[in-house]
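Each chain, letter by letter, is given below.
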Amino acid sequence: MTDVEAPTAAFREIAELSHAWPFEEARKIVARLKKKPKDEVIFETGYGPSGLPHIGTFGEVARTSMVRHAFRVLTDDKIKTRLIAFSDDMDGLRKVPDNVPNKDMLAQHLGKPLTKVPDPFGTHNSFAEHNNAQLRAFLDHFRFDYEFMSSTACYTSGRFDAALLTVLRHFEEVMAVMLPSLREERAQTYSPFLPIDEKTGLVLQVPVVEHDAAAGTVTYENAGERVTTPVTGGRCKLQWKPDWAMRWLALGVDYEMAGKDLIDSVKLSGEICRTLGGAPPEGFNYELFLDENGQKISKSKGNGLTIDEWLRYASPESLSLFMYREPKAAKRLYFDVIPRHVDEYLQFLDAYPRQGPKEQLGNPVWHIHSGAPPQPDNPVPFAMLLSLVTASNAANAETLWGFIGRYRPGVTRQSHPRLAALVDYAINYYRDFVAPAKKYREPSAPERAALIDLRDALSQLPADADAQTIQDVVYEVGRREPFLDHKKKAKDGKPGVSLDWFNMLYQVLLGQERGPRFGSFVAAYGNKNTVDMIDGALARSA
């Protein structure tokens, strides 16, 4: 995380009143410290390595980092902060994920801590170590400032021992919190402590028949045998709700957000944390990410976008924008959301230098870049690049750069490296999603007549006509039925042109639902190329 430049009194006053959600969250922590001051604030995010990390995992770290930065601004960076990325890698493997190899091998290790399950990919010592490495590599790629922490390491090293003994001393009180939340059958055998079987290595779901706070032990029955074991040193782990509460206490966590599906769990863990003498952290419940079918994304199902997939088609900043926006609203996280977020990030970045301090603090790029957004420098929208690739069936970047050079003379891969990355993203996206799904719509008779007139009008324009001149021609040709918009008046007072006209052009000519401003597209693609494309569409539908 970059250093936070000391804000002026006026700037901090604006920040204190900002409605941007990271500031609203950060003010909760400021209020918490007024009640109970401390020298260090701990932010935490949790990760269950039972499956490969997905974008939802990244989202929690990204959002928490935004809140952390907002807190540093509100406090002039005078209070030390840490962000712990915690992996619940001592959890037992409950089921075999759908998106991994060697499933039969994994099935033989169900019930064991994830750090004791062999890596199905064969690259690490355990399944947890493999997935933890995937998470860390991604967080490092985004240059997050975080401290990775392993549940197994904390349990086995003794870091959690004091807190575990506290749970043991409050055993009955913890049970009193948990039992009302359980089904009757589950309640009869429930224990907050899960012993680790010394013989099999399994995490045991067995009744605890005795607990001895003075000795620091629990006694349980397994296969007709009574076994007494310490709760410390990695011999036991906690059920996950007591575990969450214990972790907050042991690590002194001040802030942690969680998904909407964990609202009840947050309440229970918070009550347990207070029972243990701690204070549950501040936070909020974000909405879940949904796949293309509206189903919750699951690490074990692998039904969402992977980290690598987003980065194959779009910039890291566009992903951060997706995470920033409306965290309390459910959102589809699928390939078709990518292009819009690429361009909207560029639009926010372009607007930032023209904004005042209040608007800048509400601009997502301020939060994405920890208060220091780069200078805007992107002369071609991503939607334009996609349309150019689609129109030309470009198989390589050089073809696309030829169009870019016509539209923006002097712009090259060397002069605009960020645009160069967008070109590569656009080609990848076209190859994987646009080309396979491309479906040209046949024009109706009135649409065909309009296309013929548009072809003739474009043919009369000089080769170097600018985008606005072309747009004016396209607009005039479309000023006819069935494209008139009588509710919208043009500058000359006549009826305007509906979006149906422009959408028809993209659907018939490019086989896509919509695209960028058509005049700009023609300026880049070229008048002659566009005329040829219209002729091709007319021939297809003849």
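Look up: the structure comes first, before these words.
An account of the accompanying structure is given in this report. Because the structure is a prediction, the values reported are computed rather than measured.

## A few points about the overall build of the protein
Link 1 in the chain: Per the secondary structure count, the protein includes 24 helices and 15 strands.
Link 2 in the chain: The principal-axis extents of the C-alpha atoms in the protein amount to approximately 95 × 60 × 45 Å.
Link 3 in the chain: The buried share of the protein, reckoned over its 542 residues, is 52%.
Link 4 in the chain: For the protein, contacts bridging at least 24 residues in sequence account for 67% of all contacts bridging at least 6.

## Overview of the pattern of salt bridges
Link 1 in the chain: Going through the model one piece at a time under the given rule, you end up with 31 salt bridges.
Link 2 in the chain: Linking R413 and D424 is a salt bridge whose minimum nitrogen-to-oxygen distance equals 3.8 Å. Placement of the pair is R413 in the loop between α18 (397-407) and α19 (417-437) and D424 in helix α19, with a sequence separation of 11 residues.
Link 3 in the chain: Its relative accessible area of 29% is what places R413 among the partly exposed residues.
Link 4 in the chain: For D424, a relative accessible area of 34% corresponds to the partly exposed category.
Link 5 in the chain: Notably, a salt bridge pairs R455 with D535, separated by 3.0 Å at the nearest N-O pair. One end of the pair, R455, is in helix α20 (residues 445-459); the other, D535, is in helix α24 (residues 527-540), and 80 residues separate them in sequence.
Link 6 in the chain: We classify D535 as partly exposed; its relative accessible area is 30%.
Link 7 in the chain: The network of salt bridges with common partners includes R32, K38, D254 and E282.

## A word on unusual backbone geometry
Link 1 in the chain: Note the cis peptide between E481 and P482, where omega equals 10°.
Link 2 in the chain: Structurally, P482 is set in the loop between α21 (467-477) and β14 (484-489).
Link 3 in the chain: Despite not being glycine, D76 shows a phi value in the positive range, around 55°.
Link 4 in the chain: Tracing the backbone shows D76 in the loop between α3 (55-74) and β2 (80-87).

## Comments concerning the side chain of S150
Link 1 in the chain: Inspection of the secondary structure puts S150 in strand β3 (residues 147-150).
Link 2 in the chain: A relative accessible area of 13% places S150 in the buried class.
Link 3 in the chain: Reaching out from S150, the side chain makes a polar contact with the side chain of D89 at a distance of 2.8 Å.
Link 4 in the chain: Here T152 takes part through its backbone nitrogen, which lies 3.3 Å from a polar atom of the side chain of S150.
Link 5 in the chain: With sequence-adjacent residues up to four places away left out, S150 is seen in contact with F86, S87 and D89.

## Considerations on the sheet that holds strand β6 (residues 217-222)
Link 1 in the chain: Reading across from one edge, β5-β6-β7 is the order of the 3 strands in this open sheet, with antiparallel pairing throughout. Two strands lie at the open edges of the sheet, namely β5 (208-212) and β7 (225-230), each paired on one side alone. The mean inter-strand angle of the sheet, taken between neighbouring strand axes irrespective of direction, is 20°.
Link 2 in the chain: Looking at chain direction, β5 and β6 are connected through 4 bridges and run antiparallel. By the bridge assignment for β6, V208 is matched with Y220.

## Looking at the environment of T115
Link 1 in the chain: Note that T115 resides in the loop between α4 (103-107) and α5 (127-141).
Link 2 in the chain: For the pair T115 and S126, spaced 11 residues apart in sequence, the C-alpha to C-alpha distance is 5.4 Å.
Link 3 in the chain: With residues near it in sequence (within four places) discarded, T115 still touches D89, S126, A128 and T152.

## Topic: empty space enclosed by the protein
Link 1 in the chain: This model, assessed by the stated rule, comprises 1 cavity of 30 Å³ or more.
Link 2 in the chain: Of the volumes computed, that of the largest cavity is approximately 40 Å³.
Link 3 in the chain: Looking at the largest cavity, the residues that line it are T45, G46, Y47, T57, E60, V61, A85 and L135.
Link 4 in the chain: Where the lining of the largest cavity is concerned, the elements lending two or more residues are β1 (40-47) and α3.
Link 5 in the chain: Partitioning the lining of the largest cavity into residue classes produces 4 nonpolar, 3 polar and 1 charged.

Cut-offs used in this document
- Residues numbered from 1 in each chain as written.
- Predicted model: local features only at pLDDT ≥ 70, side-chain atom pairs only at ≥ 80, totals over all residues.
- Heavy atoms only, no water.
- Helix = DSSP H or I, 4+ residues; strand = E, 2+ residues; numbered from the N terminus.
- Buried < 20%, exposed > 50% of the residue type's maximum accessible area, 1.4 Å probe, protein only.
- Contact = heavy atoms within 4.5 Å.
- Salt bridge = Lys/Arg side-chain N within 4 Å of Asp/Glu carboxyl O.
- Polar contact = N/O pair within 3.5 Å; in protein donor to acceptor, adjacent residues only side chain to side chain.
- Pairing = 2+ DSSP bridges.
- Axes fitted to C-alpha atoms, helices over the stretch in contact; angles between N-to-C directions.
- 1 Å grid on protein atoms, 1.4 Å probe; cavity = no way out; pocket = protein on both sides within 12 Å on 5 of 7 lines; lining within 4 Å.
- Points joined across faces, edges and corners; volume = space filled by probe spheres on them.
- Nonpolar A, V, L, I, M, F, W, Y, C, P; charged D, E, K, R; others polar.

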